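# Descriptive analysis of the structure
Read off the chains here:
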Amino acid sequence: MTTHALPASLAEIVDDFQALTEPERLQLLLEFSRELPELPDRLKDHPELLEQVVECQSPLFLTIETEKPDAGSAGAIRLYFKAPPEAPTTRGFAGVLHEGLDGLSAAEILSVPDDMPELLGLTRAITPLRMRGMTAMLGRIKRKVAASSRLHS
């Protein structure tokens with residue numbers, strides 16, 4: 001699969017990973033880990049608003065919000081993640097998904113292929129269990145977006 005099937009923001013990230021050697025890819029993943037935004041205060045105090053992705057080896061929680069659409073445009077989806085600093089791989093995956101998907105429309109997010117995490121070229125450097133965690137993160141986001149889209153249509 002090529003990156004042309006991905007939204008531009010995510011395709012750019014995948015291209016960045018694919019241009020690097022495997023050790024450099026791990027370094028880039030760590031950079032994404034450090035760049036993952038903190039939860040907004042309104043979510044920090046309300047863990048019940050976040051859903052755990054149990055397939056992840058480290059405790060990862062996420063939620064989405066749909067911004068009110070402007071006339072004639074779809075509402076942007078906002079992603080929020082909570083992952084511990086001592087779990088850089090999980091945080092890195094969350095950072096990739098945040099940077100690549102945050103602010104897109106529901107249709108753009110739902111069009112992302114389920115096997116997109118494999119495009120990062122980390123399958124030899126990271127355990128299959130961790131790769132399943134990232135695939136599960138993407139799947140959970142897509143399920144929440146699909147459910148939210150049904151509510152708002």
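Refer to the structure printed above.
Residues numbered from 1 in each chain as written. Predicted model: local features only at pLDDT ≥ 70, side-chain atom pairs only at ≥ 80, totals over all residues. Heavy atoms only, no water.

Once that is clear, we can look at the overall build of the protein chain. Secondary structure summary: the protein chain contains six helices and three strands in total. For the protein chain, the α and β elements follow one another from N to C terminus as α-α-α-β-β-β-α-α-α. Computed over its C-alpha atoms, the radius of gyration of the protein chain comes to 15 Å, within 12% of the 15 Å expected for a compact globule of 153 residues. In terms of overall dimensions, the protein chain has a C-alpha envelope of 45 × 35 × 20 Å along the principal axes. Here the protein chain holds 153 residues, and 48% of them are scored as buried. Contacts in the protein chain between residues far apart in sequence, at least 24 positions, make up 65% of those at least 6 positions apart. Of the roughly 8100 Å² that the protein chain leaves accessible, carbon and sulfur atoms contribute 53%. Counting 16 positive and 23 negative side-chain charges, the protein chain places the centres of these two groups 6 Å from one another. (Helix = DSSP H or I, 4+ residues; strand = E, 2+ residues; numbered from the N terminus. Rg over C-alpha atoms; globule rule 2.2 N^0.38 Å. Buried < 20%, exposed > 50% of the residue type's maximum accessible area, 1.4 Å probe, protein only. Contact = heavy atoms within 4.5 Å. Areas by Shrake-Rupley, 256 points an atom, 1.4 Å probe, with all protein chains shown as cover. Lys, Arg positive; Asp, Glu negative; His and termini not counted. Charge placed at Lys NZ, Arg CZ, Asp CG, Glu CD.)

Within a sheet, adjacent strands bond to each other through the backbone by hydrogen bonds, running parallel or antiparallel. Spatially, S1-S2-S3 is the arrangement adopted by the three strands of the open sheet, whose pairing is antiparallel. Edge positions in the sheet fall to strand S1 (51-52) and strand S3 (77-82), since each of these pairs with one other strand and no more. Here strand S2 (residues 61-66) pairs with S3 via six bridges, running antiparallel. Within S3, the position partnered with Thr 63 by the bridge is Tyr 80. (Pairing = 2+ DSSP bridges.)

To continue, consider the pattern of salt bridges. Evaluation of the coordinates by the stated rule reveals nine salt bridges. Across the pair Arg 42 and Glu 65 runs a salt bridge, and its minimum N-O distance is 2.6 Å. Here Arg 42 is found in helix H3 (residues 41-44), whereas its partner Glu 65 is found in strand S2, with 23 residues between them in sequence. For Arg 42, a relative accessible area of 43% gives the class partly exposed. Here Glu 55 and Arg 140 are joined by a salt bridge, their closest N and O atoms 3.1 Å apart. (Salt bridge = Lys/Arg side-chain N within 4 Å of Asp/Glu carboxyl O.)

All told, the structure shown has one aromatic pair when counted by the stated rule. Seen from their ring centres, Phe 17 and Phe 32 are 5.9 Å apart, and the 20° between their planes marks the pair as stacked. Taken together, the residues span a long stretch of sequence, with Phe 17 in helix H1 (residues 8-18) and Phe 32 in helix H2 (residues 22-35) at a distance of 15 residues. Residue Phe 17 shares its accessibility class with Phe 32, and that shared class is buried. (Phe/Tyr/Trp six-rings, centres within 6.5 Å; stacked < 30°, edge-to-face > 60°.)

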